[in-house]
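Observations on chain architecture
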Amino acid sequence: MIRTTASAMAYLVSSIVAGFVGLLWSLAIILGVGLLSITLAGGPAFLGTAWVTRRLADLERHRAGWVLGSAIPAPYLPIEGATVQQRVSAVATQPATWRDLAWLVVLFPLGLAGGIAAIVATVVDLAAVVAPAWAWAVPNPRAPFPMDPLMTTMPGRFGLTILGVLLLPVTAWFLRTAGLAQARTARVLLAPGAHRCLVEETTRLVQTRRRVVDAQAAELRRIERDLHDGAQARIVAAGMTLALAARKLPADATAASDVDLARRQLDDALTELRRLVRGIHPPILTDRGLHAAVAALAGDSPLAVEVRGDPDDRYPPAVESAAYFVIAEGLANAGKHADARTCVVTLARTAVTVTVTLVDDGQGGADPSGSGLDGLRRRVEALDGQLTITSPPGGPTVLSAELPH
Amino acid sequence: MRIVIAEDLLLLRDGMVRLLTDTGHTVAAAVDTAPALLAAVAEHRPDLSIVDVRLPPGFRDEGLRAALTLRATDPDTKVLIVSQYVERAYAVELLADGRGGVGYLLKDRVTALDDFLDAVERVANGGTALDPEVVRQLFTRNSHNHGVDGLTPREREVLGLMAQGLSNAAICAALVLAPVSVEKHITNIFAKLDLPPADDANRRVLAVLTYLNH
């Protein structure tokens, strides 16, 4: 109680100084940068003063922490940009920059009022408590009614002491309330605002989405491996045992046909498993990457498919997987619905994206909202990518996916 | 026949060792990684290596790459690749040197014991063995196989079996044809694929390659 009251007192009193400094500084920079802004030095001056302003605001965040319990978190976004111009605009577009300035201006009247009120309340109350020690020295015959008996008579002075002691908790309450009110006002202006919170939230969402997508891609590869090394291997092993058993059966054994049937059933199970694995994550994609997998797709397609791009380029697994299925679906559609004969698949990389483009010579008229294409779109959008289809009647159909990597 | 096996799954490695020793072959070494395969082949000089495509440490196509390395350093090395899946591209890479003595089978085929042993013999003797699944993948493609386009259905069938690595006699048996007609079909195939007369075994590999590459 005493501690928090003392903190509030310290905060309120030091606000007078801080407010004065803040006012001087804000007047100086408004005038200084305002004048310099018409010259070339405007940008660097703005950045320099913004830096100082931020340090002052940081001091204020710490000072408010005396009352609030912990310092107010800083709301600044990283300043990016190579040129002064870019950095100036990065600083100027942050609401935090202007909120800092607003607090430095507001702090002066608030700090002055709060600080003086705190000093007066404390001095008057403490003076009342120790009244017997000094009130005799300042006789004031012209004092108005309640003060006259309180100051001039001995019982009055002790009465003043009792009154002062009774008022101590009230004074302490006033100090804490005033300190808290001012610190909370500081928090409104100096804490991260909606802008910063939204930016943080977006960054967080982008990261979690990336993690989910990566985890999913890793999971698909794991499932593929588990199917191959687990289920499939066990079935093959069972088939081998069965084959050895069949060898030991006499040629005319009635069980021979059953063993043979069992073997064929195992084969069917394996064929089905392989088909499943290809649909989940084609092994060649893991083995050799996107270009080799697309070349294999091209080889298996009834169309004459030309693949363009750097064969040695590798991309993140999730991107390769999505791109692969876009191309697989695109080639299947071109052959099945568009009646195309040739198709050109281009894989291109820029600094931030991988672009997959399929151009066929078919009759066009593809329905972008069809279930196959819609599924692809969702898959591409999960990676923050974009799928576009142009397919005028008469063709050609151009299917393009842009995937950030 | 002395054989080296490279397979990382204990269950399958043991199964294959049992199968081969039960049928009178000698397994000189059974290893589980690609580097160990290279070492084992250098040490034992086997008649044939049976290699899984996917091996540790990377679990990608280390086995296939190791097989290609073996063939590059010693062209006489005979390699039979077995895998849980088949990729036409891998078959092309194996056959590309046109020398034969290679095979690429699904692991499932191991359970058709006689066919598997047949393939083992064929590859060890410098022939080829291609999985029917690879051949089937080729049949699903219809257009732009220019040379292959001109083949009659019967010739395609014969080419398919040739691609699997079957001998003329085996093709006769499989299609219930007279040896003369099989030879006639094969001559027609070589002519239509524009393969000049040469060593017959070599031409068979080239025919299959032409088929695979289009």
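Counting restarts for each chain: residues are numbered from 1 in the order of the written sequence. Chains and ligands are labelled sequentially in the order written, the chains with letters from A and the ligands with numbers from 1. This being a predicted model, a pLDDT of at least 70 is required before a residue's local features are given, and a value of 80 or more before pairs of side-chain atoms are given or counted; all residues contribute to the totals for chains, interfaces and linings. Values shown for side chains rest on all heavy atoms present in the structure; no hydrogens or waters enter the calculation.

1. Focus: the confidence of the model for chain A
Within chain A, residue pLDDT values average 88, and 99% of them lie at 70 or more. Confidence per residue, as judged by the predictor, is encoded in pLDDT with a range of 0 to 100. The secondary structure listing takes helices from DSSP runs of H or I that are at least 4 residues long and strands from runs of E that are at least 2 residues long, numbered from the N terminus. The element-level mean pLDDT for chain A is lowest in helix 6 (residues 147-152) of chain A, coming to 72, with strand 3 (residues 353-360) of chain A highest at 94.

2. Details of the interface of chain A and chain B
We call two residues in contact when some of their heavy atoms are within 4.5 Å. Listed by partner, the interface residues are 34 residues for chain A and 35 residues for chain B. For the pairing of chain A and chain B, the buried interface totals around 3200 Å² over both sides, and the portion due to carbon and sulfur atoms is 52%. We define buried area as the total accessible area lost by two parts upon association, computed with a 1.4 Å probe and summed across both. Considering only the side of chain A, the residues that lose the most area to chain B are Met-240, Asp-287 and Arg-288 of chain A, jointly responsible for 21% of the buried surface there. By salt bridge we mean one thing: a side-chain nitrogen of Lys or Arg within 4 Å of a carboxyl oxygen of Asp or Glu. Linking chain A with chain B are seven salt bridges, by the criterion used here. Between Arg-288 of chain A and Glu-93 of chain B there is a salt bridge, with the nearest N and O atoms lying 2.7 Å from each other. As used in this structure description, the phrase polar contact means that two N or O atoms lie within 3.5 Å; if the pair is within protein, one of them must be able to donate a hydrogen and the other to accept it, and residues adjacent in sequence are counted only when both atoms belong to side chains. The interface formed by chain A and chain B holds eleven residue pairs in polar contact (both at pLDDT 80 or more) in total. Those elements giving two or more residues to the side of chain A that touches chain B turn out to be helix 8 (194-248), helix 9 (255-280), helix 10 (283-288) and helix 11 (290-300) of chain A. Tallying contributions element by element places helix 8 of chain A first for the side of chain A that touches chain B, with 15 residues. The residue makeup of the side of chain A that touches chain B, split by class, is 14 nonpolar, six polar and 14 charged. Residues are grouped as follows: Ala, Val, Leu, Ile, Met, Phe, Trp, Tyr, Cys and Pro are nonpolar; Asp, Glu, Lys and Arg are charged; all remaining types, including Gly, are polar.

3. Topic: the pairing of strand 3 (residues 48-52) of chain B
Regular strands show a simple pattern: their side chains alternate between the two faces of the sheet. All names here are of chain B. Only protein chains enter the calculation, and the probe is 1.4 Å; a residue is then buried if its accessible area is under 20% of its type maximum, exposed if over 50%, and partly exposed in between. Burial analysis of strand 3 places five of its five residues in the buried class, which makes it a mostly covered element. Residue alternation in strand 3 divides its side chains into two sets, Leu-48, Ile-50 and Asp-52 and Ser-49 and Val-51, and both sets are buried. Direction of pairing for strand 1 (residues 2-6) relative to strand 3: parallel, over a ladder of four bridges. Counted as the bridge partner of Val-4 is Ser-49 from strand 3. With the strands aimed away from the viewer, a crossover counts as right-handed if its path from the first strand over the helix to the second runs clockwise. With helix 3 (residues 62-73) bridging strand 3 and its parallel neighbour strand 4 (residues 79-83), the resulting β-α-β unit is right-handed. A pair of strands is labelled paired if DSSP reports no fewer than 2 bridges between them.

4. Notes on a nonpolar patch on the surface
A contiguous nonpolar patch, built from Leu-112, Ile-116, Val-120 and Val-124 of chain A and spanning about 320 Å² of accessible area, is present on the exposed surface. Inspection of the secondary structure puts Val-124 of chain A in helix 4 (residues 95-129). Only residues above 30% relative accessible area that lack a salt bridge enter a patch, with like-charged residues linked at up to 9 Å and the nonpolar side chains Val, Leu, Ile, Met, Phe, Trp and Tyr linked at up to 5 Å. Note on areas: Shrake-Rupley with a 1.4 Å probe; residue coverage comes only from the protein chains shown.

5. Considering the UniProt feature "transmembrane region" (unreviewed entry) in chain A
Residue and element names in this part refer to chain A. The feature "transmembrane region" (unreviewed entry), as annotated in UniProt, sits at residues 9-28, 34-53, 101-134 and 154-175 in this numbering. Secondary structure content for residues 9-28 is 100% helix and 0% strand, and the end C-alpha separation is 29 Å. End C-alpha atoms of residues 34-53 are separated by 15 Å, and the span's content is 75% helix alongside 0% strand. UniProt positions are given in the numbering used here, feature names are shortened, and annotations may be inferred rather than shown by experiment.

6. A short note on the pattern of salt bridges
Scanning the model with the defined rule gives 35 salt bridges over all chains in all. Notably, a salt bridge pairs Lys-107 of chain B with Asp-52 of chain B, separated by 3.0 Å at the nearest N-O pair. Of this pair, Lys-107 of chain B sits in the loop between strand 5 (102-106) and helix 5 (113-124) while Asp-52 of chain B sits in strand 3, and the two are 55 residues apart along the sequence. Note on accessibility: Lys-107 of chain B and Asp-52 of chain B belong to one class, buried. One salt bridge connects Asp-118 of chain B with Arg-122 of chain B, and the closest N-O pair in it is separated by 3.2 Å. Of this pair, Asp-118 of chain B and Arg-122 of chain B both sit in helix 5, separated by four residues, roughly a single helical turn. On the accessibility criterion, Arg-122 of chain B (18% relative accessible area) is buried. Through salt bridges with shared partners, one network takes in Arg-55, Asp-58, Arg-61 and Asp-100 of chain A.

7. Overview of the side chain of Thr-171 of chain A
All names here are of chain A. By the element assignment, Thr-171 lies in helix 7 (residues 154-190). The buried category is assigned to Thr-171, whose relative accessible area is 12%. Those residues in contact with Thr-171, other than ones at most four positions away along the chain, are Ala-121, Thr-122 and Asp-125.

8. Some words on the sheet that holds strand 4 (residues 386-390) of chain A
All names here are of chain A. Strands sit in the order 1-2-3-5-4 across an open sheet of five strands; the sheet is mixed. Only two strands of the sheet have a single neighbouring strand rather than two, namely strand 1 (304-308) and strand 4. Strand-to-strand twist of the sheet, defined as the mean angle between neighbouring strand axes without regard to direction, takes the value 10 degrees. Note that strand 2 (residues 342-349) and strand 3 share seven bridges and pair antiparallel. Bridge pairing links Ala-348 to Thr-355 in strand 3. To obtain an axis, a line is fitted to C-alpha atoms, over the contacting stretch when the element is a helix, and the angle between two such axes runs from 0 to 180 degrees between their N-to-C directions.

9. Describing the nonpolar core
Take the buried Ala, Val, Leu, Ile, Met, Phe, Trp, Tyr and Cys residues and link them wherever side-chain atoms come within 4.5 Å; each set so joined is a nonpolar core. Of all hydrophobic cores here, the largest spans 90 residues; its most connected members are Ile-327, Leu-331 and Val-345 of chain A together with Leu-37, Ile-81 and Tyr-104 of chain B. With ten residues, the single largest contributor to this core is helix 12 (residues 317-336) of chain A. With 33 residues, the next largest nonpolar core counts Leu-270 of chain A together with Met-16, Val-120 and Val-123 of chain B among its residues.

10. Examining the sheet that holds strand 1 of chain B
Residue and element names in this part refer to chain B. Strand order in the open sheet formed by six strands is 2-1-3-4-5-6, and the pairing between neighbours is parallel. The open sheet is flanked by strand 2 (26-31) and strand 6 (128-130), the only strands paired with a single partner. For this sheet, the mean inter-axis angle between neighbouring strands, taken without regard to orientation, is 20 degrees. Of the pairings in the sheet, the one linking strand 1 to strand 2 comprises five bridges and is parallel in character. Looking across to strand 2, one finds that Ala-6 is bridged to Val-31. Contacts from helix 4 (residues 88-95) reach strand 4, strand 5 and strand 6, with the element oriented near 160 degrees to strand 5.

11. A few points about the environment of Pro-132 of chain B
Assignment of secondary structure puts Pro-132 of chain B in helix 6 (residues 132-139). C-alpha separation for the pair Pro-132 of chain B and Pro-56 of chain B, spaced 76 residues apart in sequence, amounts to 27 Å.

12. Quick notes on helix 7 of chain A
Helix span, expected: 1.5 Å multiplied by one less than the number of residues in the helix. With 37 residues, helix 7 of chain A extends 52 Å from end C-alpha to end C-alpha; this agrees with the ideal 54 Å at 1.5 Å per step. Throughout, bend refers to the angle between the axes fitted to the seven residues that end at a position and the seven residues that start at it. Taking the largest bend as the criterion, helix 7 of chain A deviates by roughly 40 degrees, centred on Leu-167 of chain A, and proline Pro-169 of chain A comes between one and four positions later.

13. So, the packing of helix 1 (residues 2-36) of chain A against helix 4 of chain A
Residue and element names in this part refer to chain A. Direction vectors running N to C along helix 1 and helix 4 enclose 150 degrees, while the axes themselves pass 6 Å from each other. On the basis of their axis angle, the class for helix 1 and helix 4 is roughly antiparallel. Here helix 1 and helix 4 pass one another in a crossing that is left-handed. Of the residues contributing to the contact of helix 1 with helix 4, the split by class is 20 nonpolar, eight polar and no charged. Should an angle fall under 35 degrees it is called roughly parallel, over 145 degrees roughly antiparallel, and 65 to 115 degrees roughly perpendicular, with every other angle called oblique. Handedness of each helix crossing follows the sense of rotation of the near helix against the far helix: counterclockwise by less than a right angle gives left-handed, clockwise gives right-handed.

14. Let's talk about the packing of aromatic side chains
Here a Phe, Tyr or Trp ring, Trp counted by its six-membered ring, pairs with any other such ring whose centre lies within 6.5 Å, and the pair is stacked when the planes are under 30 degrees apart, edge-to-face when over 60, and tilted otherwise. In the structure shown here, the tally under the stated rule is four aromatic pairs over all chains. Lysine and arginine charges are scored as sitting over a ring when NZ or CZ, respectively, is within 6 Å of the ring centre and within 35 degrees of the ring normal. A cation sits over an aromatic face here: Arg-225 of chain A above Phe-59 of chain B, 4.4 Å from the ring centre.

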